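Structural overview
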Amino acid sequence: MEAKEVTASFAVDIDHLHALGVVDPYSPKSLELYASGKLSSEERLYFTLWGSSQFSSASFSQRKRLVTKGAEVHAAYFIVSGQLLGIDGDTIYRLGPGSVIGLAEGLGGLPYSMTVVSVDAVQARLLSMHKVDVLLSKMPAGLRGILRSAVVRTLALKSVPEVLR
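Scoring rules and cut-offs
- Residues numbered from 1 in each chain as written.
- Predicted model: local features only at pLDDT ≥ 70, side-chain atom pairs only at ≥ 80, totals over all residues.
- Heavy atoms only, no water.
- Axes fitted to C-alpha atoms, helices over the stretch in contact; angles between N-to-C directions.
- Helix = DSSP H or I, 4+ residues; strand = E, 2+ residues; numbered from the N terminus.
- Parallel < 35°, antiparallel > 145°, perpendicular 65-115°, else oblique.
- Left-handed = near helix turned anticlockwise from the far one by under 90°.
- Contact = heavy atoms within 4.5 Å.
- Pairing = 2+ DSSP bridges.
- pLDDT = per-residue confidence, 0-100.
- Buried < 20%, exposed > 50% of the residue type's maximum accessible area, 1.4 Å probe, protein only.
- Core = buried A, V, L, I, M, F, W, Y, C linked by side-chain atoms within 4.5 Å.

Focus on the packing of helix α2 (residues 28-36) against helix α3 (residues 41-50)
Angle between the axes and distance between the axes are the two parameters that describe a pair of packed helices. Where α2 contacts α3, the two axes come as close as 11 Å, and the packing angle between them is 140°. By the angle between their directions, the pair α2 and α3 is classed as oblique. Considering only the axes of α2 and α3, their crossing is left-handed. Here S30, L31 and Y34 of α2 lie close against α3, whose contacting residues are R44, F47 and T48.

In structure tokens, the structure reads:
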């Protein structure tokens, strides 16, 4: 069987957000824009995760490995700025701002599904899987059900992970 390369990409257009005046998640202009309803759903999610107090901040220089395929997930990464490559065998993913790395796998009790390397300087927000466990226990049943469906679908699981039951 011949190896195939499939390239996929994801990034929120942060240049567009900056042009609208979004320079930090707590500025008056940013909060006004968020409340206006003029942001897309991806931009609203980006904005919400960017400003979350549950995350810690991290910076990575170019050509740094953030995660290794097969390693245990201890933290999920939310990319604020910069470009990365996700490598899974012959499949290469181009990841940019708004990408989330490792959350589905961590919730599913699986290791990282790809190796992720920074292409240029990257700003990220990290969420410890220990914090996720605490947040899950406080989450309303309906929201936990939505998260459960998203994880099962994203990872193509045959059964629901114990942590999400």
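Read on, since the account is not over.
What to know about the sheet that holds strand β2 (residues 56-60)
Strand order across the open sheet formed by 4 strands is β2-β9-β4-β7, with antiparallel pairing between neighbours. Edge positions in the sheet fall to β2 and β7 (100-101), since each has one partner strand and no second. α3 contacts β4 (75-81), β7 and β9 (122-128) of the sheet and is inclined by roughly 115° relative to β4. Together, β4 and β9 form the strand contacts of helix α5 (residues 129-138), whose direction differs from that of β9 by roughly 55°.

Some details on the confidence of the model for the protein
On average, residues of the protein score 90 in pLDDT, and 96% of them reach the 70 mark or higher. When the elements of the protein are averaged for pLDDT, strand β1 (residues 7-10) gives the smallest value, 82, and strand β8 (residues 115-118) the largest, 98.

Describing the pairing of β4
In terms of residue burial, β4 counts as a mostly covered element, since 6 of its 7 residues are buried. Note: β4 against β9, 6 bridges, orientation antiparallel. Of the residues in β9, the one forming a bridge with I79 is A124. In this sheet, β7 lies alongside β4 in antiparallel orientation, the contact comprising 2 bridges. Looking at β7, one finds that F78 is bridged to V100.

Details of the side chain of S118
Looking at the element boundaries, S118 is found in strand β8. A relative accessible area of 2% means that S118 is categorised as buried. With residues near it in sequence (within four places) discarded, S118 still touches S61, Q62, R63, K64, L66, Q83 and L84.

Let's talk about unusual backbone geometry
Of note in the backbone geometry, R63 takes a positive phi value of approximately 60° without being a glycine. Looking at the secondary structure, you find R63 in the loop between β2 and β3 (65-67). In this structure, A156 takes a positive phi of about 55° despite not being glycine. Looking at the secondary structure, you find A156 in the segment after α6 (141-155).

With respect to the nonpolar core
The biggest cluster of nonpolar side chains holds 39 residues, and the ones touching the most others in it are Y46, Y77 and I79. Other than its neighbours up to four places away in sequence, I79 contacts Y46, L66, L84, G96, P97, G98, S99, I101, V122, Q123 and A124.

Overview of the environment of G102
Structurally, G102 is set in the loop between β7 and α4 (103-107). For G102, a relative accessible area of 4% gives the class buried. Along the chain, G102 and T68 lie 34 residues apart, while their C-alpha atoms are 10 Å from each other. In contact with G102, not counting residues within four places along its chain, are V73, A76 and Y112.

Some details on the environment of L39
Turning to its location among the elements, L39 is positioned in the loop between α2 and α3. Since its relative accessible area comes to 8%, L39 is described here as buried. Put simply, L39 and E72 are 33 residues apart on the chain and 35 Å apart in space, counted from C-alpha to C-alpha.

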